[in-house]
Amino acid sequence: VQLQASGGGLVQSGGSLRLSCAASGRPFMWYAMGWFRQAPGKEREFVATISRGGTNAYYVDSVKGRFTISRDNAKNTGYLHMSSLTPEDTADYYCAAADANAGTYYSTPDRYRYWGQGTLVTVSS
């Protein structure tokens, strides 16, 4: 499956953005999806993940209550809704897909075989 992330941009602190991850090549519903981010000079960090059918999701503590991961399998697209953004959220954001059983999700990058290119989110103070 090929993944294409989009929706990044410049936003003021406290603002919102919605990232999209468009999948092609294979049915998106076959895969758990994750979002990761990498800030300059830092290692890639897990952000959120969602199971194949969208019933289960999990977030890193720093984004709980502010970010929401979702997916529309009919459109082969996943989303990351981000609100109450802070400068600490500034990073390249990557979507990824993992082979998974129904209801399963993963928070570690080594479980993800497919990766999209990054989309840059910059939050100004």
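Structure: above.
The rules behind the values
- Residues numbered from 1 in each chain as written.
- Predicted model: local features only at pLDDT ≥ 70, side-chain atom pairs only at ≥ 80, totals over all residues.
- Heavy atoms only, no water.
- Disulfide = S-S within 2.5 Å.
- Helix = DSSP H or I, 4+ residues; strand = E, 2+ residues; numbered from the N terminus.
- Buried < 20%, exposed > 50% of the residue type's maximum accessible area, 1.4 Å probe, protein only.

(A) Representation of the state of the cysteines within the structure. With the rule as written, the count across this model stands at one disulfide. Note on cysteine connectivity: Cys21 is disulfide-linked to Cys95, with sulfurs 2.2 Å apart. Looking along the S-S bond of the Cys21-Cys95 disulfide, the torsion reads about 70 degrees, which is the right-handed sense. Remark: Cys95 occurs in strand S9 (residues 91-99) and Cys21 occurs in strand S3 (residues 17-24); sequence separation between them is 74 residues.

(B) Structural context of unusual backbone geometry. The backbone phi angle of Asn76 is positive, close to 55 degrees, even though this residue is not glycine. Examined against the element boundaries, Asn76 turns out to sit in the loop between strand S7 (67-72) and strand S8 (77-82). When its relative accessible area of 27% is taken as the criterion, Asn76 is described as partly exposed. If you check the backbone angles, Ser84 has positive phi at about 50 degrees while not being a glycine. Topologically, Ser84 is positioned in the loop between S8 and S9.

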